[in-house]
Amino acid sequence: MSQSVMEVQVHESMFDAVLARLNAAAKLMNLSDEVLQVLRNPQKEVKVSLPITMDSGKIQIFEGYRTVHSTHLGPSKGGIRFAMDVNSDEVRALAAWMSFKCAVANLPYGGAKGGIKCDPRNMSVGELERLSRAYAKAMKEVIGVNKDIPAPDMGTSGREMAWMLDEYNKVMGEDIPGVITGKPIAIGGSLGRDAATGRGVMVNTLAALKRLNLNPKNVTAIVQGFGNVGSHAARLLSEQGVKIVGIGDHTASFYNEKGIDIKAALDFAAKNNKVLKGFTGATEIKASELLVSACDVLVPAALQNVITEENASKIQAKLIVEGANGPTTPQADPILNEKGIICVPDILANSGGVTVSYFEWVQNKAGYYWTEDEVNQKHDLKMEIAFEAIWNNASKYKCSMRLAAYITALQRIEQAVKFKGFY
Ligand code: NAD
């Protein structure tokens, strides 16, 4: 596929980096200037101050954020992260990303994101519960089952979602499970949600291999990150016959050209505080070597900004499938494009998670729950359709899959904005 080279700029603001990709796609597809202006400006930004009684008895004030970027395709959807570097620029960027991700997966959702500036690893369970409940109460006018639907993100999990849902229900005086997704199964979570993002990575990888005329059974892969996304992606890809030759997390990286027994790695991590350090099923290599070692498919599934202008030219994979959010910097994009490496972008490759969150919301609204097989089947079909739409737009606009994903999202959002109109 021929790929256009994107303009390279250095972006200090994360939202500016989103705007640069938005502008590039808008230019290529001739997006109307009115719609571009609408999408360059988030619809709503709320900042709250949350005074929490710490276990010491002292009061500490925490900053909480929620940004709704767009609601043109439906209620806004996006996670809540607990991290020290949460700030309004990052939340705004992640909210915009969610608008495009939901549109790429063709979900009836806009995009939002929230967060609390805090260090969850240094807080007690009681402090985290009080903080989660205070956030849900403070944001009661922002969130809503048909308005804005949060989910877990970095530093949060089903546990925090359960506290937030319980607080919201108490404040509203009724049981509204669909207001938050990513919940524990016992209180309305969906089967299949846990593995969904890794599953989406697997389905996207298979779809891309098919287009590249490669048989999964003759293909090798390296997966960076062995958490929720990476471990499920590695397991599901190996179940499809892909030989996983490299794995790694923040504690250690490994390579074995004969293939790594992923079940053994999963068992090892389960008994070893969820980390890979000490695994003996492969040779330990330097972290910096993992992404540039020999393989056909590279799955960055750990953190952002790992494929950069420094290492992009050394990448040996033919195909990159972005499990993490933002693993490739805008500066690395043109280098990958020039090398002819196909990159299935994050807003498509990791949209399996929000897709099954959508299924959770549908099940909550219907009060009727599906089997795991039903969830997986519906998920796989939605991902395959999304992949095809983006692949076809990449051919049509002669651009990278990343730009094609933005174009596909913008086409869908533009239609909705135009039908809904302006004041
Ligand atoms: P996680 O916390 O479960 O796992 C993160 C993994 O990355 C861990 O194995 C950790 O050891 C590893 N890691 C951290 N720092 C590293 C480093 N410097 N080098 C190598 N490995 C490192 O997180 P997750 O839920 O798997 O999320 C991973 C990425 O996927 C993030 O970018 C996240 O935003 C994105 N994502 C997650 C979901 C989801 O449903 N969980 C959905 C969409 C996108």
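Below or above, wherever it landed, is the structure these notes cover.

Reading guide: rules and limits
- Residues numbered from 1 in each chain as written.
- Predicted model: local features only at pLDDT ≥ 70, side-chain atom pairs only at ≥ 80, totals over all residues.
- Heavy atoms only, no water.
- Helix = DSSP H or I, 4+ residues; strand = E, 2+ residues; numbered from the N terminus.
- Polar contact = N/O pair within 3.5 Å; in protein donor to acceptor, adjacent residues only side chain to side chain.
- Near = heavy atom within 4 Å.
- Salt bridge = Lys/Arg side-chain N within 4 Å of Asp/Glu carboxyl O.
- Buried < 20%, exposed > 50% of the residue type's maximum accessible area, 1.4 Å probe, protein only.

**Quick look at the side chain of Ser351**
Then, number 1: Mapped onto the elements of the fold, Ser351 is located in the loop between α11 (346–349) and α12 (352–366).
Then, number 2: A polar contact is formed between the side chain of Ser351 and the backbone oxygen of Leu348, at a distance of 2.8 Å.

**Section: the site of the ligand**
Then, number 1: Around the ligand sit 17 residues, and of these Thr197, Phe226, Asn228, Val229 and His250 come closest.
Then, number 2: Measuring from an oxygen atom of the ligand, one finds a backbone N or O atom of Phe226 at 2.9 Å.
Then, number 3: For the ligand, an oxygen atom lies 3.5 Å from a polar atom in the backbone of Gly323.
Then, number 4: Sorting the residues of the shell around the ligand by element identifies α6 (193–211) and α7 (228–239) as the ones contributing at least two each.

**Describing the pattern of salt bridges**
Proximity of charged atoms lets side chains of opposite charge pair with each other.
Then, number 1: Across all of its chains, the model carries 24 salt bridges by this definition.
Then, number 2: One salt bridge connects Lys170 with Asp166, and the closest N-O pair in it is separated by 2.8 Å. In this pair, Lys170 and Asp166 are both assigned in helix α5 (residues 158–172), 4 residues apart and thus about one turn of the helix distant.
Then, number 3: Overall, the relative accessible area of 30% leaves Asp166 in the partly exposed class.
Then, number 4: In this structure, the salt-bridge partner of Lys277 is Glu284, at a minimum N-O distance of 3.2 Å.
Then, number 5: The class for Lys277 is partly exposed, based on a relative accessible area of 43%.
Then, number 6: Here the residues in one salt-bridge network are Arg21, Glu322, Asp333, Asp346 and Arg402, joined through shared partners.

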